[in-house]
Structure formats: structure tokens, C-alpha cells
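# A look at the structure
The residues making up each chain are set out below.
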Amino acid sequence: MLSFGVLGPLTAEDERGPVSLKGPRHRAVLARLLVARARVVPVSWLVADLWDDPPEGAVGAVQTFVGALRKALEPSRPPRTPSRLLVTAPPGYALRAEPEAVDAWRFEAAVAESARLLDGGAAPEALALLDEALGWWRGPAYAEFAELDWARGEAVRLDELRRLAVERRAEAALACGHAAEAVPDLEAHVAAHPLREDGWRLLALALYRTGRQSDALATLRRARETLRTEVGVDPGAGLRRLESDILAHAPHLTPEKAGPPAQPFVGRVAELGELEGVAADVAHAGRSRLVLLSGEAGAGKTALTDALLRRLAARGWTVARGASPELPGAPAAWPWSRISEQLAGRPPAEEEGERFGRHRRICAYLRDLAARRPVSLVFDDLHWADEETLALVTTLAGELGPAPVLVVATYRSTEISAALAEALGRAARHEPGRVYLGGLAEPQVGELAQALTGRAVPPGDVRTIHARTGGNPFFVRELVRVWESGGGAALRGVPAGVRDVIRHRLAALPETARTHMRQAAVVGQEVDLDVLVPLAGDEEGVLDSVESALLAGFLVDSGGLRFAHALVHETLYQDVPRPRRARWHARAAEIAERVRPGDVETVAHHCLRAEGAADPRRTARSARAAAERAERRSAPHDAARLWRETVAALDRLPGADPLARLEAVMGLVRALAVTGRLPEARRHRAEAARAAEALGDPVRTAIGAELLDLAAGHDELAAFEVLGHLIQMQARAALADLDAADRHAAAADRLAERYDLPLVGVFTTWYAALRHAVSGRVEQARAAYRAAAARLSGTGMPGVEDGLLPLALLCLGDDPEPDGGWGPYEKWALPVVLLRRGRPDEAAARAIPESPRDLLFEARACLHAMAAIEAGDRPAMERLYELLLPAEGELAGAGSGLVTLGPVALYLGHLATALGRPGAAAHYRRAEQLV
């Protein structure tokens, strides 16, 4: 579940960890909506709250911030579906967070609940609740916004609630007898808030209860002096009465210490109720009954029977239990020996003789005992029981007859020996009750985790614990201990205690079966026999091993074989040495491709886990097919990972097809762009551009057309379609085909409006400014560039934003003085600025590097050309002429969709003239044709 923190700096966190909230204005929008507590905040209010002097395009910027927040807060929201969290509600927006999702809202509820608990006499529970709630504070409420008008009132209100919680916690601590522990906190509290009389009262009372009467009276004198000095009033009735009571040693000042809270029984309420129902029938009917309680190791059989015996003992039953020892060497019928020690009266002596007579004497003794009050006996761990104990249990099931005796026998359902199976068969004739303990449900896992830690465990972590343990209480307890020390990230490992238990249980399997189970772990959580059998090379042996694993509870068959717990699977997997594991994965990939040719995801999984041991051709082929499927099912993060692996596999393959690698890199670009990793996407797109140029491919047009073809007719690929239009817009703008570029920009805007993609408008706004520049509308272009820069601010794209506005104004012929500097364009822009200011010597002294090969390559190269011509740098002019000549038919920089210096041909003409080359006139004519 997504959660928000405002009791300190603003944070957001989901099951994957902290959520990036972009820039300061994104954070301010989110905080403003949280302050509103699910009420609608009009857009006009947001604009006024974000800017003292709102810029042109402020409403569009707010829409951009909201769109970016939606992507960050709901990354898994399917395309075309409205946000269910940050909703549009005319005339603005509202944040519909769950009450438990915001720490401030939970804190307020906890403070209210603590009052109810204290009034009901539940001081320990109130103390624990307030300890947890005060621990949520990480600093001042809405720390970075607390001084702003829209946040100040809420921050003050929450701070007042915190002061109340500190005092209420002190009350709870005093009620629990923790007076000494309360004193330091109360000293700090009254020092920080000297006018709060309740703080003084509680501090004086705490001092008195620790035997410091004089200090308590001195504290009350300090309170009187402070109130008189600061506000000119005497203490209230509460402080005056406390002073009189301390002087009189009033008895009510030292109440009895409250006892510790009872530990609740968690997770087996239904099963406990069923056993209590059987017990009630036994007591009412006066007839004995056997109940067989089974489950896998760690299912909670002992804890359940302990709870049952405690409850029955509280109702007047005679109760006792005995467990069969795991290790051999104990005397025969050891559980009965332990039980008899706990029973009243004189149990039958352990005499030598035949079993029949011995068991009849035990039955007679129990009937006599039950004549006074009902009896409940627990025989624990029958899977380790000796023959004598098994025989006694079955005798009690059939021979006790009319006596109120409840016998509960527990055993592991995964460890049924031949002797136990025979005993269960004999007992079945007497129709015993049967209770099976499966895994706990997810809510029960949450309850158990909270009982173990004394605090609420985040729902996402509860889901992880439940999924990895299958609800097995022992596994849950071990994983919760790991969570306590390492947090949610630690849940990905296998606790040492769990690993030891699993290895101990695995040791009971034959060596061949253990090997087959390790191979099954490599196959996967879901065990495909069609892959496992060829991998092991012994069908009958594998089937025998699977049967043993099913009986032992390592595997389950629920319409298909799978490991019973993720922890079992991971223990087996990690116990396989890495070199062997890699080769088994490589072999599994080969087998899976043969027997499941359509399951490219599985083939790719094994190839990638093989760590280079798999055939790189198979790896590249399967990873590419899996990446394409991930794109079709709108899983761009998976697609990015798989495209990256495809590229890596092709790089390992000698003589790999360069076109295939180019296609894989473009797949990676698509996936990175859709997931918002734009700087990385741009780096790989530049790489693809260089590769495509080497292949003689007009790459940008081809890329855009590829994306549009891919998305055609598939609503779920709308983001790809938008990206295709933006790339085509850039490519057509570079070629001065502005009508086509306009069509693609308009199509991108329509899709953005339909699918709520506000970032698209950032790019089309910059293109609109570029359009004015190309058309010679300088004033309109200047205003449009400034509005576009305001909209770009805070979108989380510093690599685009830094220095872009001054570069755009420089391209218009201005001489800008950028407040934030020139960013990455300084080395090319500053020499031109110096030339325009009449400082050619300074311009010539500045070294200009070669431009990076990105979408602004031609723009930087043309700026360099201007400086080189002025400086008479012939080698630079020669080099720049050759570099720019292939782009003669383009507008410099327009391929970015952001800025342009005009036709490249114009600068080629200037360079040709300066170099004395023929053809300058032809270049100038080409420039006139473009504009």
C-alpha cells in the first residue's frame, strides 16, 4: 500500500520502497493536497500557493506536476484508466488517500484511541500505542512547508496534537507504574512548553511516585513562578490540589501498578473454536473423544493445544500434556510418563506385564479422575512416538467410553511413518475428530507479525511475508525477526533458522531425491516435469523423488507441481554451487526451447540465469522475443530489462548482425522512454543513431515510423504511439518539413489529452516556439520560449532544462544573461556571446570541443563555425565544413524539436566563403529554399 509521511519532511513509500517525488513544486502540490485531507483544491489555489508571481503557463505547469505525480504514485495504473488516488475533481484536484496511508491521519486516530484506552483502564495498550505513534515523528510537521500560509495552520494543529500525545503517554506510563521512566521526557516537555499546566502536574506526580517528594514540590513552585512571570496568573485548580495531596500523602497518589497486557492468541481462532466445541460436547455428553490435529512442521500445533489447555484449565478442567522426543533413547511411553506426573491422584505404577492390562488400568484411572471434573490430555508429536505410545492413544480412543475425557493427538502430516499410519488406521474405527492446520491467511499473518513486534507491519511487507512463507507460523516468526532488524529489504533472504530447519528436513530424503529437488529448484517455483525429467535424465527416478517430496511437504500438487513455500525453493536453489547451477540453467533453457517453444519467457529466464553458460544465440533470440511480449502486455520495466540483456547477448556473439543489435537498442530506447528514464533513453538513441548512420539508415524517421506501426490499433501501446509522433515531429522539423511536423505534434497532443500524459505538452510547447523561430516571428518565439521554459521547470528533466532557454534566445539573435548559467552549452555559446559584445580576443581564447553526437550536434557545430570564422581558425573551419555537409538539407538543431539556428546550408555557405571554396552560392540558395 502507498503511504505518505508528513510528520517531518514529505515522503511517499510503496511496497518497493521510497517513491521519487520529483522537484520541489511537485512536492508542494502533493503536500497541499494532503493538507486538504481529500477535499478538492482548485487549480487557481494551487497556482497561488506555488508562485508569488505566477508565470505565464502556470496552469499548464500544475497539470504537468500532477501528471508526473500520478505516474510516480501509481506506476502500475493501466493506460486509459483514471487515477483513483490523485483524482481530477472540478475545479481542481483531490488526493483520495486511505485513512491509514498518511502518518498524520494515523497519528490523530491513535491519539483519540489512546484516550478511549485510558478511560477503559487499558493503560499498557495506550502506552504501546502512543510510543509507536510518537515514533512516527521525524521532525516538524510538513517541515519544508511549515512557514507557508497554506501549511502553517495544519502544522500548528499537528504540533499541538503531539504535545497532547506526550502528556497522554506520560499518563499511561504513570498508570503502568513507570514513573521513573516518565520523568526525563516530562522534564524536556515542560522546558519546551513551560505554560502547559498538565505537563507540570504530570512531572510533579511522577517525581512523587519515585519517592522524590521534595523535588515534586519544587517542580510545583517552579510552575507557579513561571506562570506568574510569563503570563501573570496563578496555577489552576489541578496544580493547587496536587500540591495539597502531596503534602498530605494522599493515598490515591500511589495506585497499584498495572500488570502486563495478556499476549493474545493469534491466527488460529477458527481451529481453537472447533476444539473448544468438541470439549463442550465431551463435557456435556460425558463421553470421551479423540481429536487428531495435523499439519506440517511449524504449523502451530503445539501453540494451538497450549491455548486450548489454558482455556480448559480456566474452566476447571484437569489438563496435561506430553510430547514424544525426536531423538531415540527415551523410555517407552514417555509422553504418558510426562502426563502422569501432571495429574492428580496416584496414576497406575509402571509395572512389567502385558500391554492390555496396563492400558486397562490407565483407562480406569482416567475414568476415576474424570468423575470429579473433565480431563483433557495432549499427546504431542506422534510422528516421533514409539509403538507403546501409539498403542495407548488408540486404546484411549476406544476404551475410555462414558467419561468426559478429551484426548488430542498431534502429528506432522508430512512425516507419517508406517507405525503411525497403522495407528491412525486403528483410530479411524472410532471416528475421531480431525483438524488440519494449513497456512495462515494474509490478515492472520499481519496479526501475528504485529503481536510479535508490538507494532503494525506495513501491508506490503505483510504480503511479502505471507507469499514467501505460505502462512507457516514458524516461517512467519523467523521472517518477522529478520524484518525487525533489516526492514522490508531483508525479506528477500532466507532466515538462518528457516534454512537450518529445511536442510534438516531435506536430510530425511534419499540422496538421489535431494539432487532431483535441487534440479527442480533450478527449473523454477513451478516445477515442469517435461523439463525436469530430461534435465535429470532418469524419468522413474524423478517420479520417485517427486512422490517423496510430495509426502514430505516440499512440493504440492494443485493442478500442477510447485514448491510448497518460496523459502523451501530458495534454500534448495541457493544450496546448488554456482557453476553447477549455471550449467543446469543452460541445459534447462535448451530443453525448454525444445519442449515449450512458445514459452520464450521461461527460455529467456534460464538463459539469463546461466550467466554466460548458455548459447548467446539462444539468449539473444529468447530475450528479444520475451521483450516484445512484455511490450505487448504493457510491462515496460520488464521489456527494458530484457532488451538490455538482448543487447548484451549480441555483444558476446562473434559476428553478430549489426542490424539486429540496432533493433535491440531501439527496443531498449522505447522501453526506457515509456518508463520515464529519458536521459538514459536519449543516450541509447544517440548510440542507435550512430549505428544507423553507419548502416546508411535515415534513423530518426525510421524509428518514429517503427513506433507508429507498432502501436497502430493497440490502445494499450498509446505511449509508444505518442513517442513515435514526437520522434517524427523532430525528424520532420530537422528536414524543414514543418507541415508534417505540425501534424505529428497535433497528434501527440491529442493522444496526451486522451491518455492523460502531461509531459507530452512540454515537448510540443517547445516545438511551437521553434515553429515561430523558423517562420521569422522573433517576438512570438521569444515569448513562447519563456513560457515553454516555465512549463519545463520542475519536470525532473535537468539534463534538458539546464541552459536551454538562453540557448534558444541566443539562436534568435539575443544576447542573454542567463541566471542559471549556460548549462552544457556554455563552451559553444559563450564565444558567440563574446563576439556579439565586441570582445573577439576573449572569444578566440576559449577552446571549443567537438560537439557530442546528439540531436543538437548541428546547432553546436554551427555556433562553433561562427566563432571559427571570426577567429580565422582554418583547420577548425575545414573540419566543421566536412562535419556539417551531410546535414546541408536540415535546420540546425531542429531535430531536437526544441531550438534551431536556421539552415545548416547557411553556415556551410559562410564556411565555404571563408575558406575560399567554390559552391558557397549553391549553399545559400539551398538555405533560402529551406526557409
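Residues numbered from 1 in each chain as written. Predicted model: local features only at pLDDT ≥ 70, side-chain atom pairs only at ≥ 80, totals over all residues. Heavy atoms only, no water.

Under the convention used in this document: UniProt positions are given in the numbering used here, feature names are shortened, and annotations may be inferred rather than shown by experiment.
An unreviewed UniProt entry lists the chain under the name SARP family transcriptional regulator, from Nonomuraea aridisoli. Per UniProt, the chain has the following entry under Sequence similarities (unreviewed entry): "Belongs to the AfsR/DnrI/RedD regulatory family."

## A short note on the pairing of strand β10 (residues 405-412)
The line we're drawing: The rule is simple: take the accessible area with a 1.4 Å probe, protein chains only, and divide by the maximum for that residue type; under 20% is buried, over 50% is exposed, in between is partly exposed. Runs of E in the DSSP output that reach at least two residues are strands. Runs of H or I that reach at least four are helices, and both are numbered from the N terminus. Here, strands pair whenever DSSP counts at least two bridges between them. Whether a crossover is right-handed depends on one test, that the path from the first strand over the helix to the second runs clockwise when the strands point away from the viewer.
With eight of eight residues buried, β10 lies mostly within the body of the structure. Burial of β10 is two-sided: the residues Val405, Val407, Ala409 and Tyr411 facing one way and the residues Leu406, Val408, Thr410 and Arg412 facing the other way are all buried. Strand direction decides the pairing type here: strand β7 (residues 289-295) and β10, joined by seven bridges, are parallel. Looking at the pairing, Arg289 lines up with Leu406 of β10. The pairing of strand β9 (residues 375-380) with β10 spans five bridges and is classified as parallel. Opposite Leu377, over in β10, you have Val407 as the bridge partner. With helix α15 (residues 387-399) bridging β9 and the parallel β10, this β-α-β connection has right-handed handedness.

## Brief notes about the packing of helix α25 (residues 578-595) against helix α26 (residues 600-609)
Threshold: Angular values range over 0 to 180 degrees, each being the angle between N-to-C directions of two axes fitted as lines to C-alpha atoms, with helices fitted over their stretch in contact. Orientation labels follow simple angle bins: below 35 degrees gives roughly parallel, above 145 gives roughly antiparallel, 65 to 115 gives roughly perpendicular, and whatever is left gives oblique. Helix crossings fall into two classes, left-handed where the near helix is turned counterclockwise from the far one by less than a right angle and right-handed where it is turned clockwise. Residues are treated as being in contact if the distance between any of their heavy atoms lies within 4.5 Å. Polar here means any residue outside two lists: the nonpolar Ala, Val, Leu, Ile, Met, Phe, Trp, Tyr, Cys and Pro, and the charged Asp, Glu, Lys and Arg; Gly therefore counts as polar.
Between α25 and α26, the least distance of the axes is 7 Å, while the angle of their chain directions is 160°. By the angle between their directions, the pair α25 and α26 is classed as roughly antiparallel. As α25 runs across α26, the sense of the crossing is left-handed. Together, Ala582, His585, Ala588, Ala589, Ala592 and Glu593 of α25 and Thr602, Val603, His605, His606, Cys607 and Arg609 of α26 make up the contact between the two elements. Partitioned by chemical class, the residues of the contact of α25 with α26 number six nonpolar, four polar and two charged.

## Notes on the sheet that holds strand β4 (residues 41-42)
Taken together, three strands build an open sheet; the order of strands is β4-β6-β5 and the sheet is antiparallel. The two strands at the open ends of the sheet, each matched to only one other strand, are β4 and β5 (86-89). When β5 meets strand β6 (residues 92-95), the two strands line up antiparallel, connected through four bridges. Paired with Val87 across the two strands is Ala94, which belongs to β6. The strands touched by helix α3 (residues 58-73) within the sheet are β5 and β6, with β5 carrying the most contacts at an inclination of about 140°.

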